[in-house]
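Next come the chains, spelled out residue by residue.
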Amino acid sequence: MIFLFLPLSVLWSQDRTDTRARITVNTDLGKEKISRHIYGHFSEHLGHCIYEGYWVGEGAPVANTRGIRNDVVEALKNSSIPNLRWPGGCFADEYHWMDGIGPREARPKMVNTHWGGVTEDNSFGTHEFLDLCEQLGTEPYICGNVGSGSVEEMSDWVEYINFNGISPMADLRRVNGREEAWGVTYWGVGNENWGCGGNMRPEFYADQYRRYATYCRNYGGNRLRKIAGGSHDGNLHWTEVMMKEIPLHMMWGLSLHHYMTDWGNKGSATDFSMEEYWKTMTMAVNFGDLLDGHIRVMDRYDPDGRVALVVDEWGTWWNVEPGTNPGFLYQQNTMRDAFVAALSLNHFNERCRRIKMANLAQTVNVLQAMVLTQDEKMILTPTYHVFEMYSVHQDAVLLPVSVESDLRCGPEGGELPALSLSASRDETGKVHLSLVNIHPEEDLQMVLDIRGMEFSAASGRILTSDRISDHNTFEDPEAVHPVAYTGLKTVKDGIELKLPASSVLVLEIQ
Ligand code: AHR
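No experiment lies behind these values; they were computed from the predicted model shown.

Novice: Outline the sheet that holds strand E24 (residues 458–464), listing residues and values.
Specialist: The strand order across the open sheet built from six strands is E17-E21-E22-E28-E24-E25, with neighbouring strands paired in antiparallel fashion. Two strands close off the open sheet at either side, each with one partner strand: strand E17 (397–398) and strand E25 (483–485). Examined bridge by bridge, E24 and strand E28 (residues 503–509) share seven bridges and lie antiparallel to one another. Counterpart to Ile-462 in the pairing with E28 is Leu-505.

Shown next, in the form of structure tokens:
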């Protein structure tokens, strides 16, 4: 919980006239856990996310394990990826899972109508995806086909993946080389069913959800966590109908999608004006209010917070890189994207009572990617670094924080708070703070008042760069990367520091 008092016209102490912010961290309070699943990811059969992003095939010159690239697995593991949503996206509602099992050379082909009209040869299917998740040490989140599939098809998929006994689907799985059921917990029942997932009206989809969810069975000790296809952006009506028409015990979660873009004019990922920067920062700051709107609706129908809000697609969406297939959504990723990630993750942390899962779109080579690949090369994006730095919040207890800061920024110079932060205490008692200064020119001198603990050490890592358009390239892969932060000064009961302009800082206090 953050208490924000703005604006602040007085400075904090007579002798510290440069101090612009005072933050009080109550390290001995807090009760809500920040689910690690808030730090989840999403990968669709789209452009070069699956093919070339993860999947290169066993014979490829790129180092791989059973066809899956080692460099990408290694990088994502290092960022502590907690879950991965697949196979879409819009693709999920035209995907027929049986086409993606059995000998690869015998798998039928299909047209990926949503994403470039390319031929999908189904060489990456259920077994390959679950192998990827095992290599990553991450939980799979599978989205079923409601738009063009059937109840039986989805029910069979659950049986194929989760049933350990003798049955037609479990036997088929064994024929295809997998003895043990995988025991997948997270299942989405369709995707964007108000749009690409069938253009349904909310009442109709709510009934469809009830049907599909009924036949997605629990096998053995595995209890499914079923997620209803949710709303997008500020459409509260869809959320309201789902909460009203679907019995709460039938859904573990309700999804929400939000892309921070101007759909009429997305602009370049790397070559953008200050006006565009502020437009994006305004959306990222206001994302909190948008989430609160949906949470308020959910609170009305579910005051105890039984149903999770699952933000299973979010991120930036720019014009594709010049010369690339417009249907492949390949974009670069700058410090501006890093700020969107950092602000959004702070929003999710603060709302962890209701938000139990979120999935950045999309992990490799698509939209706000964590990593980009080019043949045998791979680079980490600024967004990757934010996720890796923020991973300390996973499964930690959210701490109440009060913030007093007068630094504002924005198109007219004053609409947006420059500072965003979030704090948590992990199970070993370490306290972490993630701080963001989106002001491109002004540093923020601050005092942290650390209450409720005797601390003996504090350290930090910072992600910053001269220009907000700075990014990593295959020629210069380390242009933007986190470094140790050396500007901490311990004072009585607290810490003084300067949060530089355009930076993301994660502190550890113990
Ligand atoms: O992430 C790209 C697309 O955006 C997804 O397929 C769809 O769900 C959303 O509209």
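Novice: Go over the site of the ligand with me, naming the residues and quoting the values.
Specialist: In the vicinity of the ligand there are 13 residues, among which Glu-44, Cys-90, Glu-192, Tyr-259 and Glu-313 approach most closely. A distance of 3.0 Å separates an oxygen atom of the ligand from a polar atom in the side chain of Asn-191. At 2.8 Å, a side-chain N or O of Glu-192 approaches an oxygen atom of the ligand. For the ligand, whose accessible area on its own is 280 Å², the fraction buried by protein is 93%. For the shell around the ligand, a count of residues per class yields six nonpolar, four polar and three charged.

Novice: I'd love a proper account of the pattern of salt bridges, names of residues and values included.
Specialist: Here the structure, examined in full by the defined rule, presents 26 salt bridges. Note that Arg-22 and Asp-449 form a salt bridge whose closest N and O atoms lie 4.0 Å from each other. Here Arg-22, found in strand E2 (residues 21–26), pairs with Asp-449, found in strand E23 (residues 444–451); they are 427 residues apart in sequence, far enough to count as distant. Accessibility expressed as a relative area gives 29% for Arg-22, which makes it partly exposed.

Novice: Please set out the packing of helix H6 (residues 236–245) against helix H7 (residues 274–301) residue by residue, giving values where relevant.
Specialist: At a minimum axis distance of 9 Å, the contact between H6 and H7 shows a crossing angle of 20°. When the axis of H6 is compared with that of H7, the two are roughly parallel. The crossing of H6 and H7 is right-handed. The residues of H7 that touch H6, namely those facing Leu-236, Thr-239, Glu-240, Met-243 and Lys-244, are Gly-293, His-294, Val-297, Met-298, Arg-300 and Tyr-301.

Novice: Lay out unusual backbone geometry with the relevant residues and their values.
Specialist: The omega torsion of the bond from Gly-88 to Gly-89 falls at 15°, within 30 degrees of zero and hence cis. Inspection of the secondary structure assignment puts Gly-89 in the loop between strand E6 (83–86) and strand E7 (110–112). For the bond from Ala-361 to Gln-362, the omega torsion is -15°, close enough to zero to count as cis. Relative to the helices and strands, Gln-362 resides in the loop between strand E14 (355–361) and strand E15 (371–374). In this structure, Ser-80 is a non-glycine residue whose phi angle is positive, near 60°. Here Ser-80 shows up in the loop between helix H1 (70–78) and E6. Classification of Ser-80 by relative accessible area gives partly exposed; the value is 33%. Unusually for a residue other than glycine, Asp-395 sits at a positive phi of about 65°. With respect to the secondary-structure elements, Asp-395 resides in the loop between helix H9 (382–390) and E17. Asp-395 sits in the partly exposed class, given a relative accessible area of 28%.

Novice: Could you give an account of the nonpolar core, with specific residues and numbers?
Specialist: If you look at the biggest cluster of nonpolar residues, it comprises 143 residues, and the most contacted ones within it are Trp-314 and Ile-438. Of the residues forming this core, the biggest block, ten residues, is contributed by H7. Judged by nonpolar contacts, the second largest core, of seven residues, contains Ile-227, Ala-308, Val-310 and Met-357.

Novice: For the state of the cysteines, give the residues involved together with the corresponding values.
Specialist: A complete count under the given rule lists one disulfide for this structure. With its sulfur 2.2 Å from that of its partner, Cys-90 forms a disulfide with Cys-196. The sign of the S-S torsion, about -85°, decides the handedness of the disulfide formed by Cys-90 and Cys-196: left-handed. Placement of Cys-90 in the loop between E6 and E7 and of Cys-196 in the loop between strand E10 (186–189) and helix H5 (202–215) is noted, with a sequence separation of 106 residues between them. Residue Cys-90 is classed as buried on the basis of its relative accessible area, which comes to 12%. Look at Cys-196 and you get partly exposed, because its relative accessible area is 28%. Of the cysteine sulfurs around Cys-49, a residue in no disulfide, the closest is that of Cys-133, at 12 Å. With no disulfide of its own, Cys-216 lies 11 Å from the sulfur of Cys-143, the closest cysteine sulfur.

Novice: Tell me about the packing of aromatic side chains, and please be specific about residues and values.
Specialist: For the structure on display, the rule yields 22 aromatic pairs. Aromatic pair Trp-55 and Phe-124: ring centres 6.0 Å apart, planes at 65°, arrangement edge-to-face. Remark: Phe-124 occurs in the loop between strand E8 (118–120) and helix H2 (126–136) and Trp-55 occurs in the loop between strand E3 (40–42) and strand E4 (64–65); sequence separation between them is 69 residues. Under the relative-accessibility criterion, Trp-55 is labelled buried at 7%. On the accessibility criterion, Phe-124 (0% relative accessible area) is buried. Residues Trp-86 and Phe-124 carry aromatic rings whose centres are separated by 6.2 Å and whose planes lie at 75° to one another, so their mutual orientation is edge-to-face. Of the two residues, Trp-86 is situated in strand E6 and Phe-124 in the loop between E8 and H2; the sequence distance between them amounts to 38 residues. Comparing Trp-86 with Phe-124 shows no difference in burial state: the two are buried. Above the face of the Trp-318 ring, Arg-336 is positioned so that its terminal group lies 3.5 Å from the ring centre.

Novice: For helix H4 (residues 168–175), give the residues involved together with the corresponding values.
Specialist: Since the α-helix turns once every 3.6 residues, residues separated by three or four places project in the same direction. Taken residue by residue, H4 has Met-169, Ala-170, Arg-173 and Arg-174 as its buried positions. For H4, the arc enclosing every buried residue in end-on projection is 145°, short of the 170-degree limit, so these residues lie on one face. H4 presents Pro-168 and Val-175 as exposed residues on the side facing more than 90 degrees away from its buried surface. Of the residues flanking the end of H4, it is Gly-177, one or two places downstream, whose phi is positive at about 100°.

Novice: I'd love a proper account of the side chain of Arg-69, names of residues and values included.
Specialist: Residue position: Arg-69 is located in strand E5 (residues 68–69). Taking the relative accessible area as the measure of exposure, Arg-69 reaches 1% and is therefore buried. Reaching out from Arg-69, the side chain makes a polar contact with the side chain of Asp-71 at a distance of 2.8 Å. In this view, Arg-69 contacts Glu-52, Gly-53, Tyr-54, Val-56, Val-62, Ala-63, Asn-64, Thr-373, Asp-375, Glu-376, Lys-377 and Met-378; residues no more than four positions away in its chain are not counted.

Each value, and the rule that gives it
- Residues numbered from 1 in each chain as written.
- Predicted model: local features only at pLDDT ≥ 70, side-chain atom pairs only at ≥ 80, totals over all residues.
- Heavy atoms only, no water.
- Pairing = 2+ DSSP bridges.
- Helix = DSSP H or I, 4+ residues; strand = E, 2+ residues; numbered from the N terminus.
- Near = heavy atom within 4 Å.
- Polar contact = N/O pair within 3.5 Å; in protein donor to acceptor, adjacent residues only side chain to side chain.
- Areas by Shrake-Rupley, 256 points an atom, 1.4 Å probe, with all protein chains shown as cover.
- Nonpolar A, V, L, I, M, F, W, Y, C, P; charged D, E, K, R; others polar.
- Salt bridge = Lys/Arg side-chain N within 4 Å of Asp/Glu carboxyl O.
- Buried < 20%, exposed > 50% of the residue type's maximum accessible area, 1.4 Å probe, protein only.
- Axes fitted to C-alpha atoms, helices over the stretch in contact; angles between N-to-C directions.
- Parallel < 35°, antiparallel > 145°, perpendicular 65-115°, else oblique.
- Left-handed = near helix turned anticlockwise from the far one by under 90°.
- Contact = heavy atoms within 4.5 Å.
- Core = buried A, V, L, I, M, F, W, Y, C linked by side-chain atoms within 4.5 Å.
- Disulfide = S-S within 2.5 Å.
- Phe/Tyr/Trp six-rings, centres within 6.5 Å; stacked < 30°, edge-to-face > 60°.
- Lys NZ or Arg CZ within 6 Å of the ring centre and 35° of its normal.
- Arc of directions from axis to C-beta.

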